[in-house]
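Take a look at the letters that make up each chain.
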Amino acid sequence: MEKAEILLEIKKAEDTAKKIIAEAEENHKKRLVELDIELEKLLEKRKRELDLDMDKQLRTESDRILMEKQRAISEGVREIEKIRDQALEKKDDAINFILDKFMRYVDELQRKND
């Protein structure tokens with residue numbers, strides 16, 4: 001092989017290598033774009049999943065708070081009814097006590113006037 005032929009072969013090999021490198025770089029850029037798109041899709045999917053999970057947790061906690069509120073209200077109503085019943089039971093005693101005191105006072109006044 002002559003020097004010119006060898007140089008021509010080297011030139012062809014360099015051109016081929018440049019094409020291979022250019023294709024590899026292009027494929028690399030293309031793959032990076034595809035990976036960015038894929039990553040964006042995964043992030044969006046995960047964001048939706050997290051949003052759904054947060055909504056579910058908020059509903060669960062809201063329901064728990066509402067149930068606790070209703071329980072507290074029910075307990076309060078029962079306590080009020082209990083106190084009311086106790087007050088009603090003591091009402092007659094209180095009325096009799098006041099009437100007795102009043103009658104004693106009236107008797108005292110009458111004795112003083114006699």
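Reading the values: rules and limits
- Residues numbered from 1 in each chain as written.
- Predicted model: local features only at pLDDT ≥ 70, side-chain atom pairs only at ≥ 80, totals over all residues.
- Heavy atoms only, no water.
- Helix = DSSP H or I, 4+ residues; strand = E, 2+ residues; numbered from the N terminus.
- Rg over C-alpha atoms; globule rule 2.2 N^0.38 Å.
- Buried < 20%, exposed > 50% of the residue type's maximum accessible area, 1.4 Å probe, protein only.
- Salt bridge = Lys/Arg side-chain N within 4 Å of Asp/Glu carboxyl O.
- UniProt positions renumbered as here; feature names shortened; annotations may be inferred.
- Expected span 1.5 Å × (residues − 1).
- Bend = angle between axes of the 7 residues up to and from the residue.
- Patch = residues over 30% accessible without salt bridge, like charges linked within 9 Å, V, L, I, M, F, W, Y side chains within 5 Å.
- Areas by Shrake-Rupley, 256 points an atom, 1.4 Å probe, with all protein chains shown as cover.

Structural notes on the overall build of the protein
Inference 1: What the protein contains, in helices and strands, is one helix and zero strands.
Inference 2: Against the compact-globule benchmark of 13 Å for 114 residues, the protein has a radius of gyration of 48 Å, which places it well outside the compact range.
Inference 3: Overall size of the protein, expressed as C-alpha extent along the three principal axes, is 160 × 25 × 15 Å.
Inference 4: Counting only residues that meet the buried cut, the protein has 0% of its 114 residues in that class.

With respect to the pattern of salt bridges
Inference 1: Counted under the stated rule, the structure contains ten salt bridges.
Inference 2: Of the charged contacts in the structure, one is a salt bridge between Glu49 and Arg46, with a shortest N-O distance of 3.3 Å. Placement of both Glu49 and Arg46 in helix α1 (residues 3-113) is noted, with a separation of three residues, approximately one turn of the helix.
Inference 3: Classification of Glu49 as partly exposed rests on a relative accessible area of 37%.
Inference 4: Owing to a relative accessible area of 45%, Arg46 belongs among the partly exposed residues under this scheme.
Inference 5: With its nearest N and O atoms 3.3 Å apart, the salt bridge here joins Glu108 to Arg111. Separated by three residues within a single helix, Glu108 and Arg111 lie in helix α1, roughly one turn from each other.

Some thoughts on the UniProt feature "coiled-coil region" (unreviewed entry) in the protein
Inference 1: According to UniProt, the feature "coiled-coil region" (unreviewed entry) maps to residues 3-52 in the numbering used here.
Inference 2: A helix fraction of 100% and a strand fraction of 0% characterise residues 3-52, whose end C-alpha atoms lie 72 Å from each other.

Some remarks on α1
Inference 1: For α1, which comprises 111 residues, the first-to-last C-alpha distance of 155 Å matches the rise-based estimate of 165 Å (1.5 Å per residue) to within 8%.
Inference 2: Its maximal kink placed at Lys90, α1 deviates by approximately 35°.

A short note on a nonpolar patch on the surface
Inference 1: Taken together, the side chains of Phe102, Met103, Tyr105 and Leu109 make up a nonpolar region of the molecular surface, amounting to roughly 420 Å² of accessible area.
Inference 2: Of note, Phe102 is situated in helix α1.

Digging into the environment of Asp92
Inference 1: Within the element layout of this structure, Asp92 appears in helix α1.
Inference 2: In sequence terms Asp92 and Leu52 are 40 residues apart; their C-alpha atoms lie 61 Å from each other.

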